[in-house]
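# Structure assessment
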Amino acid sequence: MQIKLSSFVRKEMLHILRDPRTMLVVLVIPVVLILLFGFTVSTDVNHIDVAVCAPVRSDAVRKTLERLCRTDLFRFKGFIDVPDIDTRLRTGKASAVVVLADDYETSGRYQVILDGADVNTARVSEGYLRGVIGGGGQDLFVMQQVYNPEMKSAFNFIPGILGMIFLLICAIMTSVSIVREKETGTMEVLLVSPVKPAYIIVSKMIPYLLLSLVDLAIILLLAYYVLDVPLSGGVWNIILFSVVYLVLALALGMVVSNVAKSQIAALLMSALVMMMPVLFFSGMLFPPDNLPWALRWITYIIPARWYIDAMRKLMIEGVGLRSVLLEGGILLAETLALLAAAMKRFSDRLEG
Amino acid sequence: MGSLKFLIRKEMIQFRRNKFLPRLIFAFPVVIMLVAPLIANMDVKGVKLAVVDMDRSELSSRIRSHLGASDNLSLRLVTDDYHEAFCLLEAGKADVILSIPAGFEHSFASGQPEKIKVDANAVNATRGTLGAQYAVLAAGGALREMNPTLQAEEMSVRYFYNETLDYRFYMIPAFIVILILLVCCFIPALNLVQEKEKGTIEQINVTPVSKLDFTLSKLIPYWVIGLVVISEAILTVGLVYGLWPAGNIGGIYLAAFLFALAMSGFAVTVANFSDTLQQSIFVMFFFVMLFMLMGGLLTPIGSMPAWAQWVTQAFPTRHFIAIMRSLYLKGTTVAELGINYLGLVILGIFFSITAMVSYRKQE
């Protein structure tokens, strides 16, 4: 049996190797995604365009302006008059306007008008402006960021991208490739061979599993050496979790391929039951804490949520294996359940 | 040009005969626009706070009660052991630690106050920054009560265009963009690659249909679908969330049309270069992620490095998201957004041309 299984794996390998473009795509795309997001996407707010409206240019106004210009956070966009405030904000030429009162010198009264269309930027800008222009005992506090002190948003995206890419390669690619054999009718040919049906499926998965592991290695290396993600929770723990998640994704792909009759159906099904939930419910982009309670329950059954949670803890916060036991347990349970479902459906279909 | 009419009819018939697609086109936008605004909430609320009070004075308890009263903070722990608070933070059960140093009240009264330390878990940068700000604001309120001289400067804040800072209003226009992006990217690409895999494209290739006609017949249906989808989305959002565009509705449709032009052209280009479904999906997935995350959907374009900001000029999503947000919320005029429209026009023409040129029909 060993020999037969290995020859089936070889067949699948050849399928993939003969299609160098797909190979290239599968290997290069994660790298490009990680690098681009690592270096460009950031949720930090800086270079806020600020216009100042100060009818009286007193010394105090000049000093406040100097303080504004001294930091990297703001870009001074010139003095404007009151009627221009709306135009500036509306056209996006400024995202905040500081209005200093006529008697600013003595009373220190000022108003900040922000472009509320961009909610979080508005809030953060408000805080920064408050801090720089002063007042209200701001200087009594010293703020410090623990973990991720340079506030690289890439840290947040990498676990999400891992969760997404593995699902894509393992679940979608395998299901499509299995369904393609069905569509072209070659599946029947394979089934009449003396190899157990389960092995056919297993041999389909191994190459994609290997590809994903290569991707994992590349991404981890990049994350550690190029993006300085600490990976302080232990590389082996990360790999362990990833392998469990990969098996889960493969099982999911199997379930889909058992149900779907055509490649398009397999794709749409994968997109609907996997991609959308992962994008929306996994915490990759949007914090699950903010969801209404009914939707929050949905996130509890999405495997990617637990994987991404665990990866964040292991890669960034650097806590030990003990803090991710819950996530690990749930992932494992879901993996086993899906595997069982996949195997059951598979044998049903063959006998029926 | 005569054959174009029949080719489009063919596409329409194929579309109608498909069991899944018509339903998808009608249900998908409504469902997404109903659910997405609930999910895409990056509002920072319920920041979990641990207070390390090493002072245990009247002032520090006043600070604590101010912190506890804040809407945005939820006080999880009060302790005098910094280590305990830090363990909580490590376990993810606290986002922010505010530590009041021993002897703070005394030093505050003497006019040489020691600093209050605020530690934020910045794994999620926005949550960290804003959480720390909330804590500082609330604690500052307590200090101001005790020492009126701190109140010397007064600040008032106003938010234009979205006075209550409702995060949903920020995301809804962008979600309409994503909707059109998904529909106009994936469906044309899958449609074309499927014709390739089934071999029906060969049958077209042996007819005297010109490159232009064939490409147009693959594009035009999606421009129509794009406009249907955006109408559905605008109606759903208006009726359910009460958000109607503040700006010119014609401007929105113009932008949507140009965007659909660019995206479907792009999709057909990718399909022309792919031989199998697998290839086209992976490539599409890559670009959709790129278009979404680097187009300013979630993170401000302004905080990217300069070179990356230049690159995003080539992303149709960047222009369309900017247009939609401005038109929907701020009521900006089309003329004021001229540069973004220009960008969409250029990209639309560019991708339509690449779609046509990359279609390799042996003449």
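Just so it is clear, the structure is predicted and the values come from calculations on it, not from any experiment. (Residues numbered from 1 in each chain as written. Chains lettered and ligands numbered in written order. Predicted model: local features only at pLDDT ≥ 70, side-chain atom pairs only at ≥ 80, totals over all residues.)

### Some thoughts on the overall build of chain A
Scanning chain A for helices and strands turns up 14 helices and 5 strands. Against the compact-globule benchmark of 20 Å for 352 residues, chain A has a radius of gyration of 27 Å, which places it well outside the compact range. Summarising its shape, the C-alpha atoms of chain A cover approximately 95 × 40 × 40 Å along the three principal directions. Buried positions account for 47% of the 352 residues belonging to chain A. Taking all contacts inside chain A whose residues are at least 6 apart in sequence as the whole, residues at least 24 apart take part in 75%. (Helix = DSSP H or I, 4+ residues; strand = E, 2+ residues; numbered from the N terminus. Rg over C-alpha atoms; globule rule 2.2 N^0.38 Å. Buried ≥ 20, exposed ≤ 12 C-beta atoms within 10 Å, placed from the backbone. Contact = placed C-beta atoms within 7 Å.)

### Brief notes about the overall build of chain B
Assigned secondary structure in chain B consists of 14 helices and 5 strands. Against the 2.2 N^0.38 benchmark of 21 Å for 363 residues, chain B shows a C-alpha radius of gyration of 27 Å, more extended than a compact globule. Its C-alpha atoms give chain B principal-axis dimensions of roughly 90 × 40 × 40 Å. Relative to its full complement of 363 residues, chain B shows a buried share of 47%. Across chain B, contacts joining residues at least 24 apart in sequence account for 79% of those joining residues at least 6 apart.

### A few points about the environment of Leu89 of chain A
Within the secondary structure layout, Leu89 of chain A lies in helix α4 (residues 84–90). Along the sequence, Leu89 of chain A and Leu73 of chain A sit 16 residues apart, while their C-alpha atoms lie 18 Å from each other. With residues up to four places along the chain from it excluded, the contact list for Leu89 of chain A reads Ala94, Val97 and Asp115 of chain A together with Phe160 of chain B.

### Examining the domain arrangement of chain B
Split by domain assignment, chain B resolves into domain 1 (2–40 + 164–358) and domain 2 (47–152). Summarising the inter-unit geometry, the C-alpha centres of domain 1 of chain B and domain 2 of chain B are found 47 Å apart. (Domains from an automatic or database assignment.)

### Section: unusual backbone geometry
Residues and elements named next belong to chain B. Backbone geometry places Arg56, a non-glycine residue, at a positive phi of 50 degrees. Relative to the helices and strands, Arg56 is located in the loop between β1 (47–53) and α3 (58–69). Taking the number of C-beta atoms within 10 Å as the measure of exposure, Arg56 has 12 and is therefore exposed.

### Observations concerning the interface of chain B and chain A
One widely used convention gives an interface's size as the accessible area the parts lose upon coming together. Residue-level contacts link 80 residues of chain B with 82 residues of chain A. For the side of chain B that touches chain A, the secondary structure elements donating two or more residues are α2 (21–39), α4 (82–90), β4 (116–121), α6 (125–146), β5 (154–160), α7 (167–198), α11 (277–294) and α13 (316–330) of chain B. With 12 residues, the top contributor of residues to the side of chain B that touches chain A is α11 of chain B. Within the side of chain B that touches chain A, the residues separate by chemical class into 45 nonpolar, 21 polar and 14 charged. (Nonpolar A, V, L, I, M, F, W, Y, C, P; charged D, E, K, R; others polar.)

### Thoughts on the packing of helix α9 (residues 211–241) of chain B against helix α14 (residues 338–358) of chain B
All names here are of chain B. Running from amino to carboxyl end, α9 crosses α14 at an angle of 125 degrees, the nearest separation of the two axes being 9 Å. In this view, α9 runs oblique relative to α14, as classed from their interaxial angle. Judged by the twist between their axes, the crossing of α9 over α14 is right-handed. Here Lys211, Leu212, Thr215 and Leu219 of α9 come into contact with α14, specifically with Ser352, Ala355 and Met356. In terms of residue class, the contact of α9 with α14 is made up of 4 nonpolar, 2 polar and 1 charged. (Axes fitted to C-alpha atoms, helices over the stretch in contact; angles between N-to-C directions. Parallel < 35°, antiparallel > 145°, perpendicular 65-115°, else oblique. Left-handed = near helix turned anticlockwise from the far one by under 90°.)

### Description of the pairing of strand β4 (residues 109–115) of chain A
All names here are of chain A. Extensive coverage of β4 is indicated by the burial of 5 of its 7 residues. The pairing of strand β3 (residues 96–100) with β4 spans 5 bridges and is antiparallel. Directly across from Val97, in β4, lies its bridge partner Ile113. (Pairing = 2+ DSSP bridges.)

### A few points about the environment of Ala255 of chain B
For Ala255 of chain B, the position within the fold is in helix α10 (residues 249–273). Every residue in contact with Ala255 of chain B, bar those within four places of it in the chain, is listed here: Phe320, Ile323, Tyr341 and Leu344 of chain B.

### Re the nonpolar core
In terms of nonpolar packing, the biggest core is built from 210 residues, with Cys170 of chain A together with Ala135, Phe175 and Ile180 of chain B touching the most fellow members. A total of 22 residues in this core trace back to one element, the largest contributor, which is α7 of chain B. (Core = buried A, V, L, I, M, F, W, Y, C linked by C-beta atoms within 7 Å.)

### Notes on the packing of α10 of chain B against α13 of chain B
All names here are of chain B. Their axes nearest at 10 Å, the elements α10 and α13 cross at an angle of 165 degrees. If you check the angle between α10 and α13, you find them roughly antiparallel. Note on packing geometry: the crossing formed by α10 with α13 is left-handed. For the pair formed by α10 and α13, the contact residues are Gly251, Ile252, Ala255, Phe259, Ala262 and Met263 on the first element and Pro316, Phe320, Ile323, Met324 and Leu327 on the second.

### Focus on the environment of Met294 of chain B
Within the element layout of this structure, Met294 of chain B appears in helix α11. Exposure remark for Met294 of chain B: the 22 C-beta atoms within 10 Å place this residue in the buried category. Sequence separation of Met294 of chain B and Thr312 of chain B is 18 residues, and the distance between their C-alpha atoms is 6.8 Å. Not counting the four nearest positions on each side in its chain, Met294 of chain B is found in contact with Leu36, Thr40 and Val41 of chain A together with Thr312 and Phe315 of chain B.

### Details of the pairing of strand β2 (residues 74–79) of chain A
A regular strand places its side chains on the two faces of the sheet in alternate fashion. All names here are of chain A. In this sheet, β2 lies alongside strand β1 (residues 48–53) in parallel orientation, the contact comprising 4 bridges. When the sheet's bridge partners are listed, Asp49 is paired in β2 with Arg75. The parallel pair β1 and β2, bridged by helix α3 (residues 59–70), forms a crossover whose chirality is right-handed. (Right-handed = clockwise from strand over helix to strand, strands pointing away.)

### A few points about helix α9 (residues 197–226) of chain A
Across its 30 residues, α9 of chain A extends 44 Å between first and last C-alpha, which sits within 8% of the 44 Å expected from 1.5 Å per residue. Of the residues one or two after α9 of chain A, Asp228 of chain A is the one with positive phi, at around 60 degrees. (Expected span 1.5 Å × (residues − 1).)

### Thoughts on α11 of chain B
Residue and element names in this part refer to chain B. Taking 1.5 Å of rise per residue, the 18 residues of α11 would be expected to cover 26 Å, and the 25 Å separating its terminal C-alpha atoms lies within 8% of that figure. Looking only at α11, the buried set comprises Leu277, Gln278, Gln279, Ser280, Ile281, Phe282, Met284, Phe285, Phe291, Met292, Leu293 and Met294. Backbone geometry just downstream of α11 places Gly296 in the positive-phi region, at approximately 90 degrees.

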